[in-house]
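So the chains spell out like this:
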Amino acid sequence: MKIFETAENSSNKTAFITNQNNNFVVNNSFRRNNIIFDQCLLVAICFLLYFPFLGSNVIWDRDEGYFAAVAQEMFDNGEWIVPTLNDNKLCDKPILIFWGMLVSFYLFGVSEFSVRFPTIIYGIVTVLLVYHIARRLFDNRSLAIRSAFILATMLLFVVETRGTTCDGALLCWLTAAMTVYVYGCRGFQKNFVEVCDNFQIKQSLTERLILWYPQNWIIVVLISACLGMATLAKGPAAAVIGIAVIGLFLIVKALPERMVWNPFIWFLSFLRISYLMRPLTVIVVIVLIAGPWFVLVGYKTDWEWTRLFFIVHNFERSIIPEHGPNKIPLYYLVTSLFGTFPWSIFFIPLCIDLFYRIRNGTVSKNAYYFILCWIFLVYVIFSIASTKLPHYVFPAYPATAILIGGYLFNWRCGNDKTGKIWTFIVPYVLIVTGIGITIVLNILYAKYFPNESAAITFVIGLLPLIMGVAGVWASWKCSRKTLDVIYIILAIIFIPLVFQWTAAHVSQYAPQRNGLFRPVQTAENSIAPPILLCTEGCPPSWFFYYGKPIRQITAETLQQDYEKLGRPPAPIFIEFLRNKLIKQEKLRPRYFSNRLKTSLDKGQFYIVTNENDYNIIQPLFGKSMKEIHRMRRFMKPTDLLLFALETLPEPTSIESDNEQITP
């Protein structure tokens, strides 16, 4: 646990000095071998946190199942441009994360490990980039390692890294753009002292800002290239966020000694800042990198993908709540306390310390201004949007980690501004958190795993509780260094406990992992592959594990068709369904696969349903329904059932109407 002591009293280690306000100022002797060692150390920590049991954990999350199913379908079809889901639905996400998974599939084969491998690489790179940003901003090796470690062990960061979504790729490239920016600014150089700190020398707006935006066009191109890759990961909003963070910081640096309330002057200042940021160069580079794929996918889908992505999934979701109105006050503040755990226990003392540092004019004020602009802009943008989800503010987590890392560095050295009281309070917060986790998990465990031992829930909850008790003891009997080590141990143990051992244990309850589709997959080798129907909304992970399209139709729709046809015998009704599927297949656009023609003509029907829907559809098919498999659903009170519709003598054909099964 010596990795965070590199800035302390040792002639062979980096030293720090403080000014009259006890703020750390300069850190010397950043040797190349130290940088290499630090990065190797961080990579080793990330490997221990992310890679164990990576392929053992089932794909549960809806978003991860969605991305995995799309990538598998693209892999099976040899498609690199148009992402589709379930062979008939356009994906609404950009292509970058799918390209990563396609390469991983070619290297390792299709599996949970290969699905998650690209995102883990993105996560490790992001951790290393945060190390470099913190090192550049504060010129402090210990603070840089600490900030990167904090990000690597944040709860939501681990979730997004060990589970494949496009947010990991977005965060990596956005952080890369911020890294290039801070290294490209002369104002963030080591030992830099702002000439106009006390406003003794009057400067023009351009003279004040020229230090805070790279003047080398190559640096601007590199920043824009990173934002272009972020656009391929998440869409144009990613580039807008990156540009807006830098622009907001420049506005802060442009503020004069006396606030001027003339809107005309503000408008002129905005134009000059915009011109300084070389908008034409930025736009051209982003378009050159991201534009070709956006144009190509639009052309290949008759511009349907373009309409869905920009109008439906971006514009409409920003003004219309996708999941209904959000009534939680300060939604992102609440969710971020969970997302940044276990480091969110320092939220209150961090805010107090930051307030006093900025008010007293810390030497590192420009670093704090930049970090706060980064966090503030992300939270404001997504707080305005109508649709809110916890991971929307994920782009602010690197800056949050640096902020926490700076506070804990000062706290460990005794230079924090909060006083000794919070050193004693924080461990008690950890104790309360551990008690709350234990109570909640035991309630859920008793409901959904009545036949399992509850030891696992006690282990997860007792770990923060025990560490909190140890923290209380250390705060009274030992130094802050000992207490700091306790927090580090908590982060190192808690993350593997939740995301490795626990997740692997719970994966045994996954129906898609326990033979639900095996009877149907066995029949795939026949001349006419079977057709699988589902009477409820299929989790996207089912598409990935089954490996073929699953047609979805509600039990109510089947019942309505049955009544409309005058309650025909089961063989005739089965033929009606076949004709209905064939008509739907013929209506598909030209960019969809037509590989199901043989299955539609001759394949046997299988139905996945639940106990409630079974009571509705059983009278429709009668003895034609043969139960193949039954198992309990994870965290659901009802069973899943797999039925085969037996092929009976050739019925009289009934043509279906134009009603289509819900894709």
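Cut-offs used in this document
- Residues numbered from 1 in each chain as written.
- Predicted model: local features only at pLDDT ≥ 70, side-chain atom pairs only at ≥ 80, totals over all residues.
- Heavy atoms only, no water.
- Helix = DSSP H or I, 4+ residues; strand = E, 2+ residues; numbered from the N terminus.
- Buried < 20%, exposed > 50% of the residue type's maximum accessible area, 1.4 Å probe, protein only.
- Contact = heavy atoms within 4.5 Å.
- Areas by Shrake-Rupley, 256 points an atom, 1.4 Å probe, with all protein chains shown as cover.
- Pairing = 2+ DSSP bridges.
- Axes fitted to C-alpha atoms, helices over the stretch in contact; angles between N-to-C directions.
- 1 Å grid on protein atoms, 1.4 Å probe; cavity = no way out; pocket = protein on both sides within 12 Å on 5 of 7 lines; lining within 4 Å.
- Points joined across faces, edges and corners; volume = space filled by probe spheres on them.
- Nonpolar A, V, L, I, M, F, W, Y, C, P; charged D, E, K, R; others polar.
- Patch = residues over 30% accessible without salt bridge, like charges linked within 9 Å, V, L, I, M, F, W, Y side chains within 5 Å.
- Salt bridge = Lys/Arg side-chain N within 4 Å of Asp/Glu carboxyl O.
- Left-handed = near helix turned anticlockwise from the far one by under 90°.
- Core = buried A, V, L, I, M, F, W, Y, C linked by side-chain atoms within 4.5 Å.
- Expected span 1.5 Å × (residues − 1).
- Polar contact = N/O pair within 3.5 Å; in protein donor to acceptor, adjacent residues only side chain to side chain.

Draft legend 1. Up close: the overall build of the protein chain. Broken down by element type, the protein chain carries 26 helices and 9 strands. Counting the 663 residues in the protein chain, one finds 54% classified as buried. Pairs at least 24 residues apart make up 77% of the contacts formed inside the protein chain by residues separated by at least 6 positions. As presented, the protein chain carries roughly 29,600 Å² of accessible surface, and 64% of it is formed by carbon and sulfur atoms.

Draft legend 2. Looking closely at the pairing of strand β9 (residues 639–645). A large share of β9 lies buried, amounting to 7 of its 7 residues. Both strand β7 (residues 605–610) and β9 contribute to a ladder of 6 bridges, which runs antiparallel. If you follow tyrosine 606 over to β9, its bridge partner there is alanine 644. Direction of pairing for strand β8 (residues 625–632) relative to β9: antiparallel, over a ladder of 7 bridges. Its bridge partner being in β9, methionine 631 is matched across the sheet by leucine 640.

Draft legend 3. Geometry of the sheet that holds β8. Ordered in space as β6-β5-β7-β9-β8, the 5 strands form an open sheet in which the pairing is mixed. The sheet is open, and its two edges are formed by β6 (551–552) and β8, each paired on a single side. Across 2 bridges, strand β5 (residues 531–534) lies against β6 in parallel orientation. Residue pairing in the sheet places cysteine 534 in a bridge with glutamine 552 of β6. Against the sheet, helix α26 (residues 611–621) contacts β7, β8 and β9, and its axis sits at roughly 140 degrees relative to β7.

Draft legend 4. Quick look at empty space enclosed by the protein. Across all of its chains, the model carries 5 cavities of 30 Å³ or more by this definition. Space inside the largest cavity adds up to approximately 70 Å³. Lining the largest cavity are 10 residues, with Gln72, Glu73, Phe543, Gly547 and Lys548 sitting closest to its centre. It is helix α2 (residues 62–77) that provides the largest number of residues to the lining of the largest cavity, a total of 4 residues. Each residue belonging to the lining of the largest cavity can be placed in one class, and the counts come to 3 nonpolar, 3 polar and 4 charged.

Draft legend 5. Structural detail: a nonpolar patch on the surface. A cluster of nonpolar side chains, namely Ile328, Leu330, Leu333, Val334, Leu337, Phe338, Phe347 and Ile348, defines an oily patch on the protein surface of about 730 Å² accessible area. Elements with a minimum of two residues in the nonpolar patch: α14 (331–339) and α15 (347–359).

Draft legend 6. Seen up close, the packing of helix α4 (residues 112–138) against helix α5 (residues 141–152). Interaxial distance between α4 and α5 falls to 8 Å at its minimum, and their mutual angle equals 145 degrees. The crossing of α4 and α5 is right-handed. Contacts between α4 and α5 involve Thr126, Val127, Val130, Tyr131, Ala134, Arg135 and Phe138 from the first element and Arg141, Leu143, Ala144, Ile145, Ser147, Ala148, Leu151 and Ala152 from the second. Each residue belonging to the contact of α4 with α5 can be placed in one class, and the counts come to 11 nonpolar, 2 polar and 2 charged.

Draft legend 7. Expanded view of the nonpolar core. Residues Tyr181, Trp343 and Phe370 are the most contacted members of the largest nonpolar core, which totals 113 residues. In this structure, phenylalanine 370 is in contact with Leu137, Met178, Tyr181, Val182, Phe188, Val245 and Phe249, ignoring residues within four places of it in sequence. Core analysis: the next-biggest nonpolar cluster, separate from the first, contains 57 residues, Leu85, Phe294, Phe517 and Val608 among them.

Draft legend 8. Just the pairing of β7, in detail. Along β7, 6 of the 6 residues are buried, which leaves the element largely enclosed by surrounding structure. A two-sided burial pattern is seen for β7, the buried positions comprising Phe605, Ile607 and Thr609 on one face and Tyr606, Val608 and Asn610 on the other.

Draft legend 9. Spatial organisation of α2. Spanning 16 residues, α2 covers 23 Å between terminal C-alpha atoms, matching the ideal 22 Å at 1.5 Å per step. Considered for burial, the residues of α2 that qualify are Glu64, Gly65, Tyr66, Phe67, Ala68, Ala69, Val70, Ala71, Gln72, Glu73 and Met74. Glycine 78, located one to two residues past α2, shows a positive phi value of around 65 degrees.

Draft legend 10. How the structure looks around the side chain of lysine 253. Here lysine 253 is to be found in helix α10 (residues 236–254). Within polar-contact distance, the side chain of lysine 253 engages the side chain of asparagine 366 at 2.6 Å.

Draft legend 11. Focus on the pattern of salt bridges. Inspection of every chain in the model, using the stated rule, returns 14 salt bridges. The salt bridge partner of lysine 300 is glutamate 79, with a shortest N-O separation of 3.6 Å. Of this pair, lysine 300 sits in helix α12 (residues 279–300) while glutamate 79 is found in the loop between α2 and β3 (84–85), placing the two residues 221 residues apart along the sequence. With a closest N to O distance of 3.5 Å, glutamate 611 and arginine 630 form a salt bridge. Linking glutamate 611 in helix α26 with arginine 630 in strand β8, this pair joins segments that are 19 residues apart in sequence. A single salt-bridge network, built from bridges that share partners, covers Arg146, Arg412 and Asp484.

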